[in-house]
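# An overview of the molecular structure
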Amino acid sequence: NLPFASLQQLGLDYDSLKAIKGDIILVHTSAFGTDGPYSDRVGFDGVGQAMSGAVYLGGQPGAPWRAGVSWVDVTTAMFNAYGALAALMHKRATGQGQKVETNLFRSALNQTNTTLIEQAVIAKNRTPTGNRAQGAGPGDILPTKDGFVLIQVVSDALFARWARLMGEEDKWLNDPRFATDAARGDHSEILSARMAEWTRERTTDEVVETLAKAKIPAGPVLTPQQVLDDAHVQAAHLFRPMDYPGLPKPAPVVEPGARFSGFELEKRRPPTVGEHTDEVLSELGYTPAEIADLRAAGVI
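Figured I'd write up the structure that's included with this text.

Reading the values: the criteria
Residues numbered from 1 in each chain as written. Predicted model: local features only at pLDDT ≥ 70, side-chain atom pairs only at ≥ 80, totals over all residues. Heavy atoms only, no water. Helix = DSSP H or I, 4+ residues; strand = E, 2+ residues; numbered from the N terminus. Rg over C-alpha atoms; globule rule 2.2 N^0.38 Å. Buried < 20%, exposed > 50% of the residue type's maximum accessible area, 1.4 Å probe, protein only. Pairing = 2+ DSSP bridges. Axes fitted to C-alpha atoms, helices over the stretch in contact; angles between N-to-C directions. Contact = heavy atoms within 4.5 Å. Expected span 1.5 Å × (residues − 1). Polar contact = N/O pair within 3.5 Å; in protein donor to acceptor, adjacent residues only side chain to side chain. Core = buried A, V, L, I, M, F, W, Y, C linked by side-chain atoms within 4.5 Å. Phe/Tyr/Trp six-rings, centres within 6.5 Å; stacked < 30°, edge-to-face > 60°. Parallel < 35°, antiparallel > 145°, perpendicular 65-115°, else oblique. Left-handed = near helix turned anticlockwise from the far one by under 90°. Nonpolar A, V, L, I, M, F, W, Y, C, P; charged D, E, K, R; others polar.

## Some remarks on the overall build of the protein chain
What the protein chain contains, in helices and strands, is 15 helices and 7 strands. The C-alpha atoms of the protein chain give a radius of gyration of 25 Å, which is well past the 19 Å a tight globule of 300 residues would have. For the protein chain, the spread of C-alpha atoms along the principal axes amounts to about 80 × 45 × 40 Å. Counting the 300 residues in the protein chain, one finds 28% classified as buried.

Structure below.
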């Protein structure tokens with residue numbers, strides 16, 4: 001996430017590297033990009049979250065909350081991956097390298113774009129609603145006898161199933177306040193309150209199993225350990241143990257998001273810091289003696 005000026009000072013900007021290797025592909029991630037008044041600012045995942053609108057909408061009125069996971073970092077890493085692959089395909093066709101730029105702020109805006117489009121086009125001026133869904137209902141995280149469950153009712157068909165499950169079809173299906181997803185979102189507090197009455201009388205497993213039979217999307221709120229111990233996670237082999245230098249035991253690394261029918265992905269552990277420095281510098285034309293001098297001088 002270094003600003004462009006920092007890369008220039010280090011001699012690691014695209015023009016400097018291109019002078020050494022003309023067809024090089026450089027993937028550069030910064031906080032805010034190379035254009036605009038924020039281009040020299042530094043930032044991390046949380047800054048992108050805060051400035052994208054997600055933190056404001058994700059909390060309660062007067063109490064914004066950022067996500068507990070680094071979704072801006074991960075999104076940017078994905079953009080880096082497919083940007084690099086696109087550049088490699090272009091290089092294979094033309095022989096030309098190029099610079100691929102990503103930034104944390106743009107990644108965050110990609111994720112909140114739907115909300116930003118809605119604001120620009122119809123000026124909805126949404127306010128925070130905590131865990132309650134804003135465009136449908138009931139959609140919320142609700143308490144059970146022994147935990148919490150997230151439920152998502154989206155579409156007229158799902159809402160009709162939910163009303164049948166509650167045994168109150170006439171009450172909900174004939175009320176104009178709940179005639180559409182948008183209307184149900186505007187009155188979601190009422191729907192959440194009714195659903196919470198139902199979930200509080202049951203265990204988490206009972207709630208999830210009953211909703212699954214009714215074909216209503218729902219899932220338990222799991223702790224990190226419960227995720228690792230989950231029966232589906234275990235049966236589907238969603239993690240693979242991987243040894244890594246310095247760890248007391250293998251780390252559970254999640255399988256890649258895509259599975260391919262034509263080949264198996266090579267499974268490598270992530271590199272340690274500086275593990276491939278000599279290899280990369282050698283590819284750039286540095287001799288072993290020059291690399292040793294750089295290391296002795298504290299440059300690498």
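## A few points about the pairing of strand E3 (residues 139-143)
By the bridge criterion, 5 bridges tie E3 to strand E4 (residues 148-152) in an arrangement that is antiparallel. Residue pairing for E4: Ile141 is matched across the bridge by Leu150.

## So, the sheet that holds strand E5 (residues 218-220)
With antiparallel pairing, the 3 strands of this open sheet are ordered in space as E3-E4-E5. The open sheet terminates on both sides in strands that have one partner only, identified here as E3 and E5. Within the sheet, the average angular offset between the axes of one strand and its neighbour, ignoring direction, is 20 degrees. Running over the sheet, helix H10 (residues 188-200) touches E3 and E4 and is turned about 35 degrees from E3. With respect to the sheet, helix H11 (residues 204-213) is in contact with E4 and E5, its orientation differing from that of E4 by roughly 20 degrees.

## Considering helix H6 (residues 104-122)
The end-to-end C-alpha distance of H6 is 27 Å, a good match for the 27 Å that 19 residues give at a rise of 1.5 Å each. Among the residues of H6, Leu104, Phe105, Ser107, Ala108 and Thr112 are the ones counted as buried. Near the N-terminus of H6, the side chain that reaches the backbone nitrogen of Phe105, with its oxygen 3.2 Å away, is that of Asn103.

## Quick word on the nonpolar core
Among the nonpolar cores identified, the biggest contains 19 residues, and Ile151, Trp162, Met195 and Ile216 are the most heavily contacted of them. By size, the runner-up hydrophobic cluster in this structure holds 7 residues, among which are Tyr14, Ile24, Leu281 and Ile291.

## Quick look at the environment of Gly33
Residue placement: Gly33 occurs in the loop between strand E1 (25-30) and helix H3 (45-51). With relative accessibility at 7%, the residue Gly33 sits in the buried group. Taking the C-alpha atoms as reference points, Gly33 and Arg177, 144 residues apart in sequence, are found 45 Å from one another. Residue contacts for Gly33: discarding those within four places in its chain leaves Ser39 and Asn103.

## Looking at the environment of Ala196
Along the chain, the position of Ala196 falls in helix H10. Expressed as a C-alpha distance, the spacing of Ala196 and Arg106, which sit 90 residues apart in the sequence, is 37 Å.

## Concerning the packing of aromatic side chains
Going through the model one piece at a time under the given rule, you end up with 7 aromatic pairs. Each ring, one from Phe260 and one from Phe263, has its centre 4.6 Å from the other, and the planes form 20 degrees; the classification is stacked. Aromatic rings pair up to connect Phe159, Trp162, Trp172 and Phe178 into one cluster.

## Concerning the packing of helix H7 (residues 156-166) against H10
Remark: H7 packs on H10, axes separated minimally by 11 Å, with the N-to-C direction vectors making an angle of 45 degrees. One way to sum up the angle between H7 and H10 is to call them oblique. As for the relative orientation of H7 and H10, their crossing is left-handed in sense. Together, Phe159, Trp162, Leu165 and Met166 of H7 and Leu191, Arg194, Met195 and Trp198 of H10 make up the contact between the two elements. Residues that form the contact of H7 with H10 fall into these classes: 7 nonpolar, no polar and 1 charged.

## Here's the deal with the pairing of strand E6 (residues 239-242)
Of the two faces of E6, only the one carrying Arg240 and Met242 is buried; Phe239 and Pro241 on the other face are not. Inspection of the sheet shows E6 paired to strand E7 (residues 251-254) by 4 bridges, in the antiparallel sense. Looking across to E7, one finds that Phe239 is bridged to Val254.

## Structural notes on unusual backbone geometry
In this model, Gly137 is joined to Pro138 through a cis peptide bond whose omega is -5 degrees. Following the sequence through the fold, Pro138 ends up in the loop between H6 and E3. Positive phi is not limited to glycine here, since Asn125 has a value of about 55 degrees. Relative to the assigned elements, Asn125 resides in the loop between H6 and E3.

## Observations regarding the packing of helix H5 (residues 71-94) against H6
Orientation of H5 relative to H6, taken along the N-to-C sense of each, is 100 degrees, at an axis distance of 9 Å. Relative to H6, the element H5 lies roughly perpendicular. Contact with H5, carried on its side by Trp71, Val72, Asp73, Thr75, Thr76 and Phe79, involves Leu104, Ser107, Ala108, Asn110 and Gln111 of H6 and no other residues of that element. Classifying every residue of the contact of H5 with H6 by side-chain character gives 5 nonpolar, 5 polar and 1 charged.

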